[in-house]
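Working through the structure, step by step
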Amino acid sequence: MATGKVVIERVGGRSTATSCFSKYPLKFILPGKVAPAGTDVVWIYSITYGGGIVSGDSISCEFTIDDGCTAVLTTQSSTKVYKAIGSKCSEQTLEARIGSEALLVVIPDPVTCFSTARYYQKQLFRLVSDSNLVLVDWITSGRHANGEKWDFELYKSINNIYLEDDEPLFLDTVLLEKRSIQSIAERMQDYQAIAMVILFGPKLGEIQKQVQENVKNMMSEQLQISYGSRRHNSESSSRSGFMKPEFIASCSTFGPEEKGVVIRIASDSTESVYNFLRQQLAKLEPLLGQSPYA
């Protein structure tokens, strides 16, 4: 049985939560006044008791967003994954069905894994051709104040999107696992957060174009700075060479008629990812009633 389940349907011409269920260790909060009056959107806050996921916890969520409805799924703080007990793994799965001309926006705070934590996450989205989806999935290196940087045992995040008849649209897996030869921290170097953003659907066409242009311009500037630093170091006979960008972002399209855009990010700070998300997703405000990560 699912740990949580939410159904959003049109009632009286508006998006309405007609069913909302959750049980330990998960809790859903549907505040009545998040978006301004007249905005057709349901906001859902997902929280865990104790502020995190305990070793061995298994959370399973189901969401149905009916035709023409809009819903936002978010969190109140980062999802903390506590230390593993033995080989136990904390798990979280989400399955969402998004109807025709419906919009689901999944904008959580990042996952933060404690030292020795083991975490597995799978998110599955089923769409029709004119569904709309915004998905943010990201992780930080850990609790910096405790000296923990990429010190967990396992992090695995799967995001799969399907169209009608289970036609694969987007299949993605991120795996960070501690190895004996090279640690996660050594592989991640100085980057402290990685993120993925997906924008799909006809309602998001203009936002997709703007984000692609912004990422292109941003990285052009970053590479020019890095190249300038390399030339300076070369002229001064420095051995440090190419200066690694503090923030890296890439953008690519996917799906029929390139209806989808995926942005991948690596940054040396969590705050710079927050800033990027605020800036690039600000144009969602007319659809949601407020800007994501405001």
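Definitions and limits used
Residues numbered from 1 in each chain as written. Predicted model: local features only at pLDDT ≥ 70, side-chain atom pairs only at ≥ 80, totals over all residues. Heavy atoms only, no water. UniProt positions renumbered as here; feature names shortened; annotations may be inferred. Phe/Tyr/Trp six-rings, centres within 6.5 Å; stacked < 30°, edge-to-face > 60°. Helix = DSSP H or I, 4+ residues; strand = E, 2+ residues; numbered from the N terminus. Buried < 20%, exposed > 50% of the residue type's maximum accessible area, 1.4 Å probe, protein only. Lys NZ or Arg CZ within 6 Å of the ring centre and 35° of its normal. Contact = heavy atoms within 4.5 Å. Core = buried A, V, L, I, M, F, W, Y, C linked by side-chain atoms within 4.5 Å. Salt bridge = Lys/Arg side-chain N within 4 Å of Asp/Glu carboxyl O.

Looking up the protein chain in an unreviewed UniProt entry gives the name Urease accessory protein D, with the organism given as Eutrema salsugineum. Regarding the protein chain, the UniProt comment filed under Sequence similarities (unreviewed entry) reads as follows: "Belongs to the UreD family."

1. With respect to the packing of aromatic side chains
Going through the model one piece at a time under the given rule, you end up with 12 aromatic pairs. Each ring, one from Y82 and one from F114, has its centre 5.0 Å from the other, and the planes form 85°; the classification is edge-to-face. Of this pair, Y82 sits in the loop between strand 8 (79–81) and strand 9 (90–98) while F114 is found in the loop between strand 11 (111–113) and strand 12 (118–126), placing the two residues 32 residues apart along the sequence. You can call F114 buried: its relative accessible area is 10%. Clustering of aromatic rings is evident, with ring pairs tying together Y119, W150, F152 and Y155. Seen from the ring of Y162, R126 lies directly overhead, with NZ or CZ sitting 5.5 Å from the centre. The cationic tip of K244 hangs over the ring face of Y191; the distance from NZ or CZ to the ring centre is 4.3 Å.

2. With respect to the environment of I107
If you trace the backbone, I107 turns up in strand 10 (residues 103–107). For I107, a relative accessible area of 3% puts it in the buried group. When the C-alpha positions of I107 and V72 are compared, they lie 7.4 Å apart, and in sequence the two are 35 residues distant. If near-sequence neighbours (up to four positions away) are discounted, I107 is found in contact with W43, V72, L73, T74, T75, V136, L281, P292 and Y293.

3. Regarding the nonpolar core
Within the largest apolar cluster, 48 residues are counted, with the highest numbers of intra-cluster contacts made by F63, L104, C113, F125 and F152. V41, V134, I265 and L281 belong to the second largest nonpolar core, which has 34 residues in total.

4. Remarks on the pattern of salt bridges
Counting across every chain of the model gives 11 salt bridges. The partner of R97 in a salt bridge is E95, with the nearest N and O atoms 4.0 Å apart. For the salt bridge of E271 with R278, the shortest nitrogen-to-oxygen distance reads 3.2 Å. Look at E271 and you get partly exposed, because its relative accessible area is 43%. Three or more residues joined by partner-sharing salt bridges are found here, namely E95, R97, R126 and D166.

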